[in-house]
Amino acid sequence: MARTLIIAEPSEIIRKGLVHISESLGLFSSIKEVACSSMLHETIKKHNPQMVLLNPSFVNADGLLELKDLTRTTMMIAGIIYSLYDDDIVSMFDEVIMVGDTRQKIHRKIGGLLEKTPGKNRSKPSEPLSARELDVLKLLVKGLSNKEISEKLFISPHTVISHRKNITQKLNIKSVAGLTVYAILNELISMDDVQ
Amino acid sequence: MTDIIISGNTKLADIVMQDPRALVLLPRFGIELGLGDRTVRQVCEDKNINTDFFMLMVNVFLNHKYFPDRRLKNVDIDMLLSYLENSHRYYLEEKIPYLENLIEEFKNKVEHPATIQLEKFFRQYIVEVREHLAYEDETAFPYVAALSQQIKKDSSHLADIDYHIGVFEERHDNIEEKLTDLKSLLVKYFPPSNDRYIRIRILRELMEFEDDLINHARIEDKVLIPIVEQLEKKIS
């Protein structure tokens, strides 16, 4: 998965240092730098980063939420903190990187944050079900097994399973009993089909 | 909500007032309301509860980041079992029947074929929860109790018990998972209904139950299983 990191920090020494340390982590396919707050919004919109390391002086608390709204996917924001800082500001960030942190510590923090980003499985939550997924759903709630569904629709059992995964992710319903209620609500099947 | 670590000198009333999740813990320890200004330690001493154990449970419950490794060694296994059994009783005698009634009421108020199916789904779910709890009450917990007895009597081996906690660990599935399905259905997919707040009440109950079950499972996975593994090593 292509991952982008943006490092937004006015001090060149610190910015370049963080670029260097982040590169050595090998988790990002591209790392962009922002040296001045006026370029921040534009750069985020353009690159859709998974993570931003941000000097708090670039935004206020509301601004932080605004930033999160700029991307299509979930973006984690870590604050770059020089010394003591107001707790309220620190708590706005998903993580805080201290200028005095060791390389290992920064690696751990960035790695930990990346794990928290919902990956591909949550990036398309409320899309409607595809025609094929609807076919699978209808048969599933009628009580057919994966194998029976695959024979009926002329697709491999593996494909049935992957359709089921997508259905569950899109609807946030996993069990067949729950999906049955959904199917009745949306008139995909009638009560007679279930009994 | 609070993310503080609670100490023995905190007033129990303060804990409950700050975080209502602590309420469900009280009956599991036989503690009644009317707490006055007594501290956690005072209440525990009155009720003959090990204060460390009580605080361990409160902290696991209220602070999701709290991971009890240091205190594990001192946990009394019989106390832990009695806590877990009391929790089960609360689910079976209080929580589930209440939810059952609410869902029945919802079905009666909202005439839609899907509510009938929803009720069916919930009833199926209850059967699974009962099975899950019964297995623990009838198989896993008695084994742990027997094990703890053996250790106390200082026997060097376990007589005639063909079981080990690994089996429990493997079988330990998430009973809270299906609650997500119920929540999604009620929040997203049921059409607006004139049900006099029943749906909201169901959701609040479901969420509280879910939270409770997640904590319960954390206690079993992070406290019970490691302790029993230690005991098993001692006698093998």
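Residues numbered from 1 in each chain as written. Chains lettered and ligands numbered in written order. Predicted model: local features only at pLDDT ≥ 70, side-chain atom pairs only at ≥ 80, totals over all residues.

Peer 1: Tell me about the overall build of chain A, and name the residues and values.
Peer 2: Scanning chain A from terminus to terminus reveals 10 helices and 5 strands. If you take every contact in chain A between residues at least 6 apart in sequence, the share linking residues at least 24 apart comes to 61%. (Helix = DSSP H or I, 4+ residues; strand = E, 2+ residues; numbered from the N terminus. Contact = placed C-beta atoms within 7 Å.)

Peer 1: Describe the overall build of chain B, listing the residues and the values that go with them.
Peer 2: Assigned secondary structure in chain B consists of 9 helices and 0 strands. What you see in chain B, going N to C, is helices and strands ordered as α-α-α-α-α-α-α-α-α. Per-residue burial over chain B gives 25% buried out of 236 residues. Contacts in chain B between residues at least 24 apart in sequence constitute 72% of all its contacts with a sequence separation of at least 6. (Buried ≥ 20, exposed ≤ 12 C-beta atoms within 10 Å, placed from the backbone.)

Peer 1: Describe the confidence of the model for chain B, naming the residues involved and giving the relevant values.
Peer 2: Residue and element names in this part refer to chain B. Per-residue confidence for chain B gives a mean pLDDT of 86; residues scoring 70 or more make up 89%. Within chain B, no element has a lower average pLDDT than helix α7 (residues 165-171), which sits at 78, and none a higher one than helix α3 (residues 40-47), at 94. Confidence estimates for the predicted assembly give a pTM of 0.68 and an ipTM of 0.81. (pLDDT = per-residue confidence, 0-100.)

Peer 1: Tell me about the environment of E136 of chain B, and name the residues and values.
Peer 2: Counting through the fold element by element, E136 of chain B comes out in helix α6 (residues 113-152). On a C-alpha basis, the gap between E136 of chain B and H172 of chain B in space is 9.3 Å, while along the polypeptide they are 36 residues apart.

Peer 1: Lay out unusual backbone geometry with the relevant residues and their values.
Peer 2: All names here are of chain A. Phi at F154 takes a positive value of approximately 55°, unusual for a residue other than glycine. Inspection of the secondary structure assignment puts F154 in the loop between α7 (146-153) and α8 (157-171). If you check the backbone angles, N172 has positive phi at about 60° while not being a glycine. The topology assignment puts N172 in the loop between α8 and α9 (176-185).

Peer 1: Describe the pairing of strand β4 (residues 76-81) of chain A, naming the residues involved and giving the relevant values.
Peer 2: Residue and element names in this part refer to chain A. Most of β4 is tucked away: 5 of the 6 residues are buried. Relative to strand β5 (residues 95-98), β4 is paired through 4 bridges, and the arrangement is parallel. Counted as the bridge partner of I80 is I97 from β5. (Pairing = 2+ DSSP bridges.)

Peer 1: Break down the packing of helix α6 (residues 131-141) of chain A against α8 of chain A for me, citing the residues and quoting the values.
Peer 2: All names here are of chain A. Close contact between α6 and α8 brings their axes to 10 Å; oriented N to C, the two are set at 100°. By the angle between their directions, the pair α6 and α8 is classed as roughly perpendicular. Contact residues: R132, E133, V136 and L137 in α6; V160, H163, R164, N166 and I167 in α8. The residue makeup of the contact of α6 with α8, split by class, is 4 nonpolar, 2 polar and 3 charged. (Axes fitted to C-alpha atoms, helices over the stretch in contact; angles between N-to-C directions. Parallel < 35°, antiparallel > 145°, perpendicular 65-115°, else oblique. Nonpolar A, V, L, I, M, F, W, Y, C, P; charged D, E, K, R; others polar.)

Peer 1: An account of the nonpolar core is requested, with residue identities and associated values reported.
Peer 2: Grouped together as the largest cluster of nonpolar side chains are 35 residues, with contacts concentrated most on L137, L179, V181 and Y182 of chain A together with L118 and L185 of chain B. Sorting the residues of this core by element identifies α6, α8 and α9 of chain A together with α5 (77-109), α6, α8 (177-189) and α9 (198-235) of chain B as the ones contributing at least two each. Take this core: its biggest share by element is 7 residues, from α6 of chain B. Setting aside anything within four residues of it in sequence, one finds L179 of chain A in contact with L137, L140, V141 and I173 of chain A. In this structure, V40, V75, L80 and I165 of chain B belong to the second largest nonpolar core, which totals 29 residues. (Core = buried A, V, L, I, M, F, W, Y, C linked by C-beta atoms within 7 Å.)

Peer 1: Which residues make up the interface of chain A and chain B, and what are the values?
Peer 2: Across the contact, 14 residues belong to chain A and 15 residues belong to chain B. When contributions to the side of chain A that touches chain B are tallied by element, the ones reaching two or more residues are α9 and α10 (191-194) of chain A. The greatest single-element share of the side of chain A that touches chain B, amounting to 7 residues, is contributed by α9 of chain A. Looking at the side of chain A that touches chain B residue by residue, the class counts come to 9 nonpolar, 4 polar and 1 charged.

Peer 1: Break down the pairing of strand β1 (residues 4-8) of chain A for me, with residues and values.
Peer 2: Residues and elements named next belong to chain A. Counting buried positions along β1 yields 5 of 5 residues, so the element is predominantly enclosed. Residue alternation in β1 divides its side chains into two sets, T4, I6 and A8 and L5 and I7, and both sets are buried. Inspection of the sheet shows β1 paired to strand β2 (residues 30-34) by 5 bridges, in the parallel sense. Bridging across to β2, A8 finds its partner in V34.

Peer 1: Residue-level account of the sheet that holds β1 of chain A, with values.
Peer 2: All names here are of chain A. Strand order in this open sheet of 5 strands is β2-β1-β3-β4-β5, and the pairing throughout is parallel. Here the strands that pair on one side only, and so sit at the sheet edges, are β2 and β5. The sheet shows a mean angle of 20° between the axes of neighbouring strands, taken without regard to direction. Bridge count between strand β3 (residues 51-54) and β4: 4 bridges; the pairing is parallel. Looking at β4, one finds that L54 is bridged to G79. Packed on one face of the sheet, helix α1 (residues 12-23) meets β1, β2, β3 and β4 and runs near 170° to β2.

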